[in-house]
Amino acid sequence: MNPYNNLPDNAFWKLAVANKSMFDIDNLWDPKFKIYPKSKVVTFGSCFAQHIGNALSDRGFTWLSTELPPTGLSEVSCKKFNYNVFSCRTGNIYTTSLLKQWTEWALDISTPPDECWEKEGRYYDPFRPRVEPNGFESIDEMLRSRKQTIASFKQAITESNYFVFTLGLTESWFNTESGYEYPMCPGTVAGEFDSNKHEFKNQEFEFIRSNLLSAIQMMRKVNKQLKFILTVSPVPLTATKSGNHVLLATMESKSILRAVAGQLARKNPAIDYFPSYEIINSPTSKGAYFEPNQRSVNPYGVNFVMDSFFKSLNEKYGISATVKNTSVVKVKKSKEDVVCEEELLAAFGDGK
C-alpha cells in the first residue's frame with residue numbers, strides 16, 4: 001500500500017482527463033460557498049469578469065450594480081459609457097494593487113489624487129480612462145463622476161455577499177512622485193508620458209499577494225460576512241513592456257497570478273478560487289475556446305466556463321440556475337460586447 005492507492009479518479013490524468021472528451025471533464029471546482037439566487041454578488045477586475053456578471057444576471061442570480069445608468073439610457077449607450085459592465089464604473093481593475101487603491105479610496109483610508117488628463121479640449125480620468133469615451137467637459141465634472149464611482153464602490157463592498165475579482169495583469173504603471181497606480185500607461189488613452197515620473201513595474205508574487213490580502217482584509221473589516229471568489233483571466237496580454245516575447249510574458253504573468261489566487265484560497269476560508277483560467281487554457285481544450293486571433297475567448301468558451309460554474313453549485317448544494325435570457329446563453333454575444341481597455345495597446349504595434 002502507498003498514499004496513491006486510494007485516491008479518487010480525478011487525481012489521475014489518465015482517468016480524469018485522457019480517457020474523457022474535453023466536454024466531459026468535470027469536478028474541477030468544489031465550491032466553498034452556497035451562492036443562492038438571492039445572494040448579492042459584485043464583479044470587478046480584468047475584462048473576463050464581465051462575463052461572470054452577465055452570466056449571473058442571465059441565469060436568475062442577483063448581480064449587484066451599485067452605479068445605475070440614467071433612466072432611459074439604451075443598452076448600447078450603457079455599454080459605451082461603462083454602466084453595468086462591472087458593478088460600478090471603475091473600468092478594468094487589472095492588478096491587485098489597483099484593487100487595494102480603490103478600496104483605500106472607498107473606505108477613506110487614503111485620498112484620491114486630483115490628476116486629470118487633457119486631450120483636444122476634453123478631460124479624462126487617469127484612473128478610469130475610458131468610462132467616458134470622449135472625455136468629460138470639465139475637470140470638475142470628471143472629479144464629481146469619480147467621487148460617485150468611489151461611493152458606489154464602497155456600496156458594493158458593504159452591501160454584497162460575494163465579491164468576485166478576476167486577476168488580469170502583473171505589468172503596471174506608477175506615478176513615482178506620489179506613489180499611486182494607473183490602470184493604463186499615461187500617453188496611451190490620453191495624457192502625456194513622462195519617463196521622469198511614470199515608472200513601469202512588473203509585479204512579483206509577494207507584492208501581488210500582499211496587496212490582494214490587504215484589500216480583502218480592509219473590505220471584511222467593514223463587511224464581516226463578505227466572501228471572495230478569485231479567478232484569473234484566461235485572456236493573453238495584448239502587449240508587454242517586460243522585454244520578453246509577449247507569449248512568454250503572458251505565461252509568466254498568468255502563472256504568478258494563478259499561484260497567488262491558489263495560495264490565498266487554500267489558506268483562507270473566506271476566499272475561494274474558480275478555475276476559468278484552466279478551463280480555457282488547459283491542453284484539453286486544444287485552443288477551441290479562442291477566436292482566430294488566439295486571444296479573445298469565443299462565446300462558446302465563455303458559456304462553457306459559466307455552465308461549469310453553475311453546474312458545480314448545483315451538484316454540491318442543489319442550487320439550480322434559471323435561464324432568464326436565452327439569447328445570451330445560446331451564444332449570441334461576441335467579443336465586441338466586452339470592454340477591455342488593454343486592447344488599445346494593440347494599436348501601437350500596427351504597421352511595424
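From a predicted model like this one, the values you see are computed outputs, not experimental measurements.

Participant: Whenever I open this one, the overall build of the chain confuses me. Can you help?
Facilitator: Scanning the chain from terminus to terminus reveals 10 helices and 10 strands. A globule of 352 residues ought to have a C-alpha radius of gyration of about 20 Å, and the chain, at 20 Å, matches this closely. Summarising the internal contacts of the chain: among those between residues at least 6 apart in sequence, 72% fall at separations of at least 24. As displayed, the chain offers around 17100 Å² of accessible surface, 50% of which is attributable to carbon and sulfur atoms. Averaging the coordinates of the 41 positive side-chain charges in the chain and doing the same for the 39 negative ones gives two points 7 Å apart.

Participant: What exactly am I supposed to notice about the confidence of the model for the chain here?
Facilitator: Low-confidence regions, as indicated by low pLDDT, have predicted coordinates that should not be scrutinised in detail. The share of residues in the chain with pLDDT of 70 or more is 92%, and the mean pLDDT across the chain is 92. Segment residues 326-336 is flagged for pLDDT under 50; beyond a separation of four residues in sequence, or across chains, it makes 17 contacts in the model.

Participant: Which parts of the structure should I look at to understand a nonpolar patch on the surface?
Facilitator: Taken together, the side chains of Tyr4, Leu7, Phe12 and Leu15 present a nonpolar region at the surface, about 370 Å² in accessible area. Residue classification places Tyr4 among the exposed positions, given a relative accessible area of 56%.

Participant: Any chance you could explain the nonpolar core here in plain terms?
Facilitator: The nonpolar side chains of soluble globular proteins are, as a tendency, buried together. Judged by nonpolar contacts, the single largest core of 47 residues is most densely connected at Phe44, Leu99, Phe153, Phe163, Phe165 and Leu212. Contributions of two or more residues to this core are made by β1 (40-45), α4 (96-106), α5 (139-159), β5 (162-167), α6 (205-222), β9 (227-232), α7 (246-267) and β10 (271-273). With residues up to four places along the chain from it excluded, the contact list for Leu99 reads Ile93, Phe153, Phe163, Phe165, Leu212, Ala215 and Met219.

Participant: Would you explain the sheet that holds β10 in this entry?
Facilitator: Strands pair in a sheet through their backbones, by hydrogen bonds, and they do so in one of two ways: parallel or antiparallel. Strands sit in the order β2-β1-β5-β9-β10 across an open sheet of five strands; the sheet is parallel. The sheet terminates laterally at β2 (62-63) and β10, the two strands that pair on one side only. Here β1 pairs with β2 via two bridges, running parallel. Bridge pairing in β2 places Val41 opposite Trp63. Sheet contacts for helix α2 (residues 49-58): β1, β2, β5 and β9; angle to β1, the most-contacted strand, approximately 160 degrees. Each of β5, β9 and β10 is contacted by α6, which is oriented at about 155 degrees to β9, the strand it contacts most.

Participant: How do you make sense of the pairing of β9 when you look at a structure like this?
Facilitator: When a strand is regular, its side chains alternate between the sheet's two faces. Within β9, five of the six residues are buried, leaving the element largely enclosed by the surrounding structure. Two elements, β5 and β9, share six bridges in a ladder whose sense is parallel. Paired with Thr166 across the two strands is Thr231, which belongs to β9. With three bridges connecting them, β9 and β10 associate as parallel partners. Each residue of the ladder has a partner; that of Phe228, found in β10, is Ile271.

Participant: Help me understand the environment of Val85, please; the structure alone is not making it clear to me.
Facilitator: Inspection of the secondary structure puts Val85 in the loop between α3 (75-80) and α4. A C-alpha to C-alpha distance of 23 Å links Val85 and Asn223, two positions 138 residues apart in sequence.

Participant: Sorry if this is basic, but what is going on with the sheet that holds strand β6 (residues 171-175) here?
Facilitator: The strand order across the open sheet built from three strands is β7-β6-β8, with neighbouring strands paired in antiparallel fashion. The two strands at the open ends of the sheet, each matched to only one other strand, are β7 (181-182) and β8 (198-202). Across two bridges, the pairing between β6 and β7 is antiparallel. In the sheet register, Trp173 faces β7, and the bridge partner there is Tyr182.

Participant: Which parts of the structure should I look at to understand the pattern of salt bridges?
Facilitator: Oppositely charged side chains are able to pair whenever their charged atoms sit close together. What the rule picks out here adds up to 10 salt bridges. Residue Arg128 pairs with Asp125 through a salt bridge whose shortest N-O separation is 2.9 Å. Residue Arg128 shares its accessibility class with Asp125, and that shared class is buried. We note a salt bridge from Glu315 to Lys311, for which the minimum N-O separation is 4.0 Å.

Quick notes on the rules
- Residues numbered from 1 in each chain as written.
- Predicted model: local features only at pLDDT ≥ 70, side-chain atom pairs only at ≥ 80, totals over all residues.
- Heavy atoms only, no water.
- Helix = DSSP H or I, 4+ residues; strand = E, 2+ residues; numbered from the N terminus.
- Rg over C-alpha atoms; globule rule 2.2 N^0.38 Å.
- Contact = heavy atoms within 4.5 Å.
- Areas by Shrake-Rupley, 256 points an atom, 1.4 Å probe, with all protein chains shown as cover.
- Lys, Arg positive; Asp, Glu negative; His and termini not counted.
- Charge placed at Lys NZ, Arg CZ, Asp CG, Glu CD.
- pLDDT = per-residue confidence, 0-100.
- Patch = residues over 30% accessible without salt bridge, like charges linked within 9 Å, V, L, I, M, F, W, Y side chains within 5 Å.
- Salt bridge = Lys/Arg side-chain N within 4 Å of Asp/Glu carboxyl O.
- Buried < 20%, exposed > 50% of the residue type's maximum accessible area, 1.4 Å probe, protein only.
- Core = buried A, V, L, I, M, F, W, Y, C linked by side-chain atoms within 4.5 Å.
- Pairing = 2+ DSSP bridges.
- Axes fitted to C-alpha atoms, helices over the stretch in contact; angles between N-to-C directions.

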